[in-house]
Amino acid sequence: DAGSSGQKQQQPAAAAADPIVQWVVLRRDLWTDIGWPLGPVIAQACHASSSAMFTFLDDPLTQQYISKENIDHMHKVVLEVKSEQQLVNLSKKLEQEGILHKLWVEQPENYPTCLATKPYRKSQAAAPFKKLQLCKAALAK
C-alpha cells in the first residue's frame, strides 16, 4: 500500500472492515538455501500476482480490486513457506478448499516458486494462510 500517489479516497466502513486481498506466497529456500538475489525473488511474486490477475480477470472481485476507484488501495499479504514441497502442498489445499489461485512455475527450471490467489474478501479466504509467516526476512547482509 506504500507509495500510492494522490490523496486517499474514503472507503466505506464495510469494505475497510473486510478488504479485498490478494495473498502471495513465496518459497523461503529460494533466498536462504539456493541463494537467489532480491530481484529474481521479487520477479517470482510479480509473475504469480499478475498471472493470477489475468487468469481471473473476469471475476467480479478481481474487477473491483483493479478498478480505477480502487487501484491505489490494493491490499496484498506476502507470506512464505519453507520449501517447494510446502508450496505445492499449499496449492493442493487451496484447490481442495475452492480458493482460486495461480501456482507460478519458473521456466526453464520447471519448478514452482510462488503462488498468488485471485483477489478475495479477507473473510472469504484468510483461513488457509493463518499459520504461515509474513515474508519479512532480509535478503542481503
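If you're wondering where the values come from, they're calculated on a predicted model, not measured in any experiment.

**Considerations on the confidence of the model for the chain**
Stage number 1. A residue-level look at the chain finds 87% of positions with pLDDT of 70 or above and a mean pLDDT of 90.
Stage number 2. Confidence over residues 1-10 falls short of pLDDT 50; this stretch has eight contacts with residues more than four positions distant or in other chains.

**Here we look at the packing of aromatic side chains**
Stage number 1. Summed over the entire model, instances satisfying the criterion amount to two aromatic pairs.
Stage number 2. Considering the side-chain rings of tryptophan 23 and phenylalanine 129, the 5.2 Å spacing of their centres and the 5° angle between planes classify their relative orientation as stacked. Placement of the pair is tryptophan 23 in strand S1 (residues 20-27) and phenylalanine 129 in the loop between helix H6 (122-125) and strand S6 (133-134), with a sequence separation of 106 residues.
Stage number 3. We classify tryptophan 23 as buried; its relative accessible area is 4%.
Stage number 4. Considering the side-chain rings of tryptophan 36 and tyrosine 111, the 6.4 Å spacing of their centres and the 45° angle between planes classify their relative orientation as tilted. Here tryptophan 36 is found in the loop between helix H2 (29-32) and helix H3 (38-55), whereas its partner tyrosine 111 is found in strand S4 (residues 111-117), with 75 residues between them in sequence. Accessibility classification places tryptophan 36 together with tyrosine 111 in one group, the buried group.
Stage number 5. The ring centre of tyrosine 120 lies 4.0 Å from the NZ or CZ of lysine 118, which sits over that ring.

**A few points about the pairing of S1**
Stage number 1. A large share of S1 lies buried, amounting to eight of its eight residues.
Stage number 2. Burial along S1 is two-sided: Ile20, Gln22, Val24 and Leu26 facing one way and Val21, Trp23, Val25 and Arg27 facing the other are all buried.
Stage number 3. As paired strands, S1 and strand S2 (residues 75-81) are joined by seven bridges and run parallel to one another. Within S2, the residue paired with valine 21 across the bridge is histidine 75.
Stage number 4. Taken together, the three bridges between S1 and S4 define a ladder with antiparallel strand orientation. The residue of S4 that forms the bridge with valine 25 is leucine 115.

**Concerning the nonpolar core**
Stage number 1. Trp23, Val25, Leu90, Leu94, Leu115 and Phe129 are the most contacted members of the largest nonpolar core, which totals 14 residues.
Stage number 2. Setting aside its immediate chain neighbours within four residues, leucine 115 contacts Trp23, Val24, Val25, Ala48, Leu87, Leu90, Ser91, Leu94, His101, Lys102, Leu103 and Trp104.
Stage number 3. Counting twelve residues, the second-largest nonpolar core is a separate cluster that includes Leu26, Trp31, Ala48 and Cys114.

What counts and how
Residues numbered from 1 in each chain as written. Predicted model: local features only at pLDDT ≥ 70, side-chain atom pairs only at ≥ 80, totals over all residues. Heavy atoms only, no water. pLDDT = per-residue confidence, 0-100. Contact = heavy atoms within 4.5 Å. Phe/Tyr/Trp six-rings, centres within 6.5 Å; stacked < 30°, edge-to-face > 60°. Helix = DSSP H or I, 4+ residues; strand = E, 2+ residues; numbered from the N terminus. Buried < 20%, exposed > 50% of the residue type's maximum accessible area, 1.4 Å probe, protein only. Lys NZ or Arg CZ within 6 Å of the ring centre and 35° of its normal. Pairing = 2+ DSSP bridges. Core = buried A, V, L, I, M, F, W, Y, C linked by side-chain atoms within 4.5 Å.

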